[in-house]
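Results of the structural survey
Here is how the chains run, residue by residue.
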Amino acid sequence: VQLQASGGGLVQAGGSLRLSCAASGRTSYNYAMGWFRQAPGKEREFVAAINWSGSSTYYADSVKGRFTISRGNAKNTMYLQMNSLKPEDTAVYYCALHQRYIIGVVTISEDYDYWGQGTLVTVSS
């Protein structure tokens, strides 16, 4: 499985960005997926997760109410709509896929099997 993240860029505080993650290499993508981020000098942290069908989502407290995770109809794409961005949201954002079938979401980075290359989001004050 290959994951390609895109959509990062430079935005002013209060602005919005939409990240995309496209998965390829499988015939089915009914797997849980998620977004993580890593700021300079910090450890990677969980941002948001979505289950295989898109019916269940979970967010880190720091982004709840501002970010929305979703997936496309074909299930091989995932999105992260980021609104009301803050300078502390500046980080490299990574998408991830959990390859074993489960009903719910996955929030632990060690439980993910595949990772995208990351896309940089910079929020200026």
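For every chain, the first residue of its written sequence is number 1, and the numbers climb from 1 along that sequence. Only residues with pLDDT of at least 70 get local features here, since the model is predicted, and only at 80 or more are side-chain atom pairs given and counted; chain-wide, interface and lining totals rely on the full set of residues. Water and hydrogen atoms play no part in the side-chain values, which are based on all heavy atoms of the structure.

On to the state of the cysteines. Note: disulfide means a covalent bond formed between the sulfur atoms of two cysteine side chains. Any pair of cysteine sulfurs within 2.5 Å is marked as a disulfide. Under the definition given, this model contains one disulfide. Each sulfur of the disulfide joining Cys 21 and Cys 95 lies 2.2 Å from the other. One disulfide, between Cys 21 and Cys 95, carries an S-S torsion of 65° and so falls in the right-handed class. In this pair, Cys 21 sits in strand S3 (residues 17-24) while Cys 95 sits in strand S9 (residues 91-97), placing the two residues 74 residues apart along the sequence. On the basis of relative accessible area, Cys 95 is assigned to the buried category, the value being 0%. Helix and strand labels come from DSSP, where a helix needs a run of H or I of at least four residues and a strand needs a run of E of at least two; each type is numbered from the N terminus. Three exposure classes are used, based on accessible area relative to the maximum for each residue type with a 1.4 Å probe and protein chains only: buried under 20%, partly exposed in between, and exposed over 50%.

Turning our eyes to something else, we now look at the sheet that holds strand S1 (residues 2-6). Strand pairing follows a simple DSSP-based rule, namely that at least 2 bridges must link the two strands. Strand order in the open sheet formed by four strands is S1-S3-S8-S7, and the pairing between neighbours is antiparallel. Among the strands making up the open sheet, the edge pair consists of S1 and strand S7 (67-71). For this sheet the average axis-to-axis angle between neighbouring strands, irrespective of direction, equals 15°. Two strands pair when backbone bridges link them, and S1 and S3 are joined in this way by five bridges, in the antiparallel orientation. Counted as the bridge partner of Ala 5 is Cys 21 from S3. In this analysis, axes come from line fits to C-alpha atoms, helices being fitted only over the stretch in contact, and the angle between any two N-to-C directions falls in the range 0 to 180 degrees.

Strand S5 (residues 45-50) sits mainly inside the fold: five of its six residues count as buried. Inspection of the sheet shows strand S4 (residues 33-38) paired to S5 by five bridges, in the antiparallel sense. Each residue of the ladder has a partner; that of Arg 37, found in S5, is Glu 45. The antiparallel pairing of S4 with S5 creates a hairpin that spans six residues between the two strands, and Gly 41 there sits at a positive phi of about 75°. Where S5 lies against strand S6 (residues 57-59), three bridges are found, and the strand directions are antiparallel. Along S6, the bridge assignment pairs Ala 49 with Tyr 58. Counted between consecutive antiparallel strands, the loop separating S5 from S6 contains six residues, among which Gly 54 sits at a positive phi close to 90°.

Stacked, tilted and edge-to-face are the three classes applied to pairs of Phe, Tyr and Trp rings, where Trp contributes its six-membered ring and a pair requires centres within 6.5 Å; stacked means planes under 30 degrees apart, edge-to-face means over 60, and tilted covers the rest. Scanning all chains against the criterion turns up six aromatic pairs. Between Phe 36 and Phe 46, the ring centres sit 5.6 Å apart and the planes meet at 75°, which makes this aromatic pair edge-to-face. Note that Phe 36 is positioned in strand S4 and Phe 46 in strand S5, a separation of 10 residues in sequence. Looking at Phe 36, the relative accessible area reads 2%, which means it is buried. Overall, the relative accessible area of 16% leaves Phe 46 in the buried class. Chaining the aromatic ring pairs together yields one cluster made of Phe 36, Phe 46, Tyr 58, Tyr 112 and Trp 115.

In S3, alternate side chains face the same way, and those of Leu 17, Leu 19, Cys 21 and Ala 23 are buried while those of Arg 18, Ser 20, Ala 22 and Ser 24 on the opposite face are not. Bridge analysis of S3 against strand S8 (residues 77-82) gives six bridges, and the strand direction is antiparallel. Bridge pairing in S8 places Ser 20 opposite Tyr 79.

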